[in-house]
Amino acid sequence: MNLTDGLVEAIRVAETRLPKWVYEKLLEAYEKSEGRGKAQLAAVLKNIEIAAKEGKPMCQDTGLLVFHVKLGDQFPLKPWEVEEAIREAARRATKEVPIRPNTMDPLSGKNPGDNTGKGVPVVHLEVVPGDELVVSVRPKGGGSEYPSKLCMIPPSKGLKGVRECLLNAVIEAGGKPCPPGIISVAFGGTVEKAFELAKENLYRPSKHEEQRVAELEEEFLKEVNDLGIGPMGLGGGPTVLDVKVDYLYRHPASYPVAVAFNCWAAREATVKFDKDGNWEIVSENVSEADLRTPELEAEEGIELKLPVDENEVRKLKASDVVYLTGTIVTARDEAHKKIIEEGSPIDLKGLAIYHCGPVVRKKGEEWEVIAAGPTTSARMNALQAEVLKKTGARLVIGKGGMSDNLLKFFKEYGAAYLAFPGGAALLAAKAIKKVKGVYWLEELGMPEAMWVFEVERFGPLIVAMDSHGNSLYKEVMDKAKKKLEELVRE
Ligand code: SF4
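Residues numbered from 1 in each chain as written. Predicted model: local features only at pLDDT ≥ 70, side-chain atom pairs only at ≥ 80, totals over all residues.

(A) Spotlight on helix α2 (residues 20-32). For α2, with 13 residues, the first-to-last C-alpha span of 19 Å sits near the 18 Å given by 1.5 Å per residue. Considered for burial, the residues of α2 that qualify are Trp21, Val22, Tyr23, Lys25, Leu26, Ala29 and Tyr30. Tucked inside the fold, the buried residues of α2 contact α3 (35-54) and β6 (240-247). (Helix = DSSP H or I, 4+ residues; strand = E, 2+ residues; numbered from the N terminus. Expected span 1.5 Å × (residues − 1). Buried ≥ 20, exposed ≤ 12 C-beta atoms within 10 Å, placed from the backbone. Contact = placed C-beta atoms within 7 Å.)

(B) Here's a closer look at the environment of Ile432. As for its position among the elements, Ile432 is in strand β17 (residues 432-439). By C-beta crowding, Ile432 is classed as buried, having 21 other C-beta atoms within 10 Å. As a C-alpha pair, Ile432 and Arg457 span 25 residues in sequence and 8.9 Å in three-dimensional space. With sequence-adjacent residues up to four places away left out, Ile432 is seen in contact with Val369, Ala372, Phe453 and Val455.

(C) Spotlight on the site of the ligand. The local shell around the ligand holds 14 residues, among which Gly141, Gly143, Cys178, Cys263 and Gly423 are the closest. Tallied by class, the residues present in the shell around the ligand amount to six nonpolar, seven polar and one charged. (Near = placed C-beta within 6 Å. Nonpolar A, V, L, I, M, F, W, Y, C, P; charged D, E, K, R; others polar.)

(D) Quick peek at the environment of Gly445. Of note, Gly445 is situated in helix α14 (residues 441-448). Separated by 336 residues in sequence, Gly445 and Gly109 have C-alpha atoms that sit 9.2 Å apart. Apart from residues no more than four positions distant in its own chain, Gly445 is found in contact with Pro101, Met104, Asn111 and Gly113.

(E) Looking closely at the sheet that holds strand β7 (residues 256-262). The sheet built from four strands is open, its strands ordered β4-β7-β5-β6 with mixed pairing. Each edge of the open sheet carries a strand with a single partner, namely β4 (149-152) and β6. Each adjacent strand pair in this sheet contributes to an overall mean axis angle of 15 degrees, direction not counted. Pairing geometry for β4 and β7, over four bridges, is antiparallel. Note that in β7 the partner of Leu150 across the bridge is Ala258. In this fold helix α7 (residues 191-201) packs onto β4, β5 (181-187), β6 and β7, with an angle of close to 30 degrees to the strand it touches most, β7. Across the sheet, helix α8 (residues 211-226) is in contact with β5 and β6; its angle to β6 comes to roughly 140 degrees. (Pairing = 2+ DSSP bridges. Axes fitted to C-alpha atoms, helices over the stretch in contact; angles between N-to-C directions.)

(F) A look at the packing of helix α1 (residues 4-16) against helix α4 (residues 79-96). Contact geometry for α1 and α4: axes closest at 9 Å, N-to-C directions at 55 degrees. Judged on the interaxial angle alone, α4 and α1 are oblique. Along this stretch, α1 crosses α4, giving a crossing that reads as right-handed. Between α1 and α4, the residues in contact are Thr4, Leu7, Val8, Ile11 and Arg12 and Ala85, Ile86, Glu88, Ala89, Arg92, Ala93 and Glu96, respectively. For the contact of α1 with α4, the class distribution of residues is seven nonpolar, one polar and four charged. (Parallel < 35°, antiparallel > 145°, perpendicular 65-115°, else oblique. Left-handed = near helix turned anticlockwise from the far one by under 90°.)

(G) View of unusual backbone geometry. Omega for the bond connecting Pro179 with Pro180 falls within 30 degrees of zero, at 5 degrees, which places this linkage in the cis form. Cis rather than trans, the peptide bond between Leu306 and Pro307 has omega equal to 0 degrees. Positionally, Pro307 belongs in the loop between β10 (302-305) and α9 (310-315). In this structure, Cys178 takes a positive phi of about 50 degrees despite not being glycine. With respect to the helices and strands, Cys178 occurs in the loop between α6 (158-173) and β5. Positive phi is not limited to glycine here, since Trp440 has a value of about 65 degrees. With respect to the helices and strands, the residue Trp440 is situated in the loop between β17 and α14.

Right, dumping it as structure tokens:
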């Protein structure tokens, strides 16, 4: 029996068409937003539309592939045969959808290039009564995994401790997990069970079935949104689409609290196989007929040509909207390290460094950019100042913001940080007119390599950290921390 066609289709649907219930919540969030927050969500909704219409992954971070399998005890395949089919589907989907090769050996840094490796794809398999096989695929991006938090609270603190753990996790996450998404908190049990439950609930569309827990979900939802972090950490709208809460009985002496995040790209699709191998997609994912993209107002902005000189960057102020034309280069953690150790392979003076790991495919002799949204910039906090100093690059593009410590270097070097709407990978790809070159591809793999792009009106980008010491993230976060103090005092 061949399962791979159905599994590859489930991966394709999950990557290209958001679950309907998440899409509906994003539309509601858009209606409740204003200013910068509304503009961020408009870009996200436009991006979802392009993904559904063109059948392309909605985000360049196509995630680690996570499968939840319910295998009927009368189904004609054994668990290990299903797992082998899943591995094969991951390899095929990498080329066919295509999705970004995202798995790497943590010791050597090597990327096998096919989304497999020790422990991945992740498979949770449960044998259930019946003769069917049901597989849900949940691609999980790095930006929404990064802020996960586990607290071991003193049992005497009880729900007060749960609330503190949740709200602190949201503050620490800021704009990193591309808010607004789903947050799930589970408490009690053992550490691994609490996390398992929290992650499972990220995909539950409904409120909790127990009234007392559903009330807690409402309460936490209001409190998280009262923090005001907002779309992409820039304020102006909801921080979260929904909060899920659940619990397990616990040991009297231990009280684990697990907080899991999903970004707006809370992806999932489900395929069902009958005992003869016939399959159908059974999840409700958005189709073209469901799309209700708001009209995008053409945003006015400052047009900058790259390379840009110091004076022009010093004129930029936090909140300005900017469009870039010229050369930008991608660099993530590994490329930053290599620039520091070996120098840049091309002259970056006056150019923009883009925190991005794109999905790119070879078309004849040329490269075609499929998806190229920003990655979580905070990962480069410790490396950025040295890279700017060493290369003379003047602009940094990313999402989620960077450490306040960098503001003094932006001042000294005449540099600025520009925010692109997190996950809006297809909008970004449309502005990339040509791949001019790629460096360190063999050694670092597709996401970590340095790609050199020719772009035209790349944006809208918001000046989120300028060369005068201003940071929109700091502004939003200072207010959120004050609110947090009030909430945990109550
Ligand atoms: S939407 Fe943001 S957090 Fe989610 S996978 Fe994409 S880049 Fe990562």
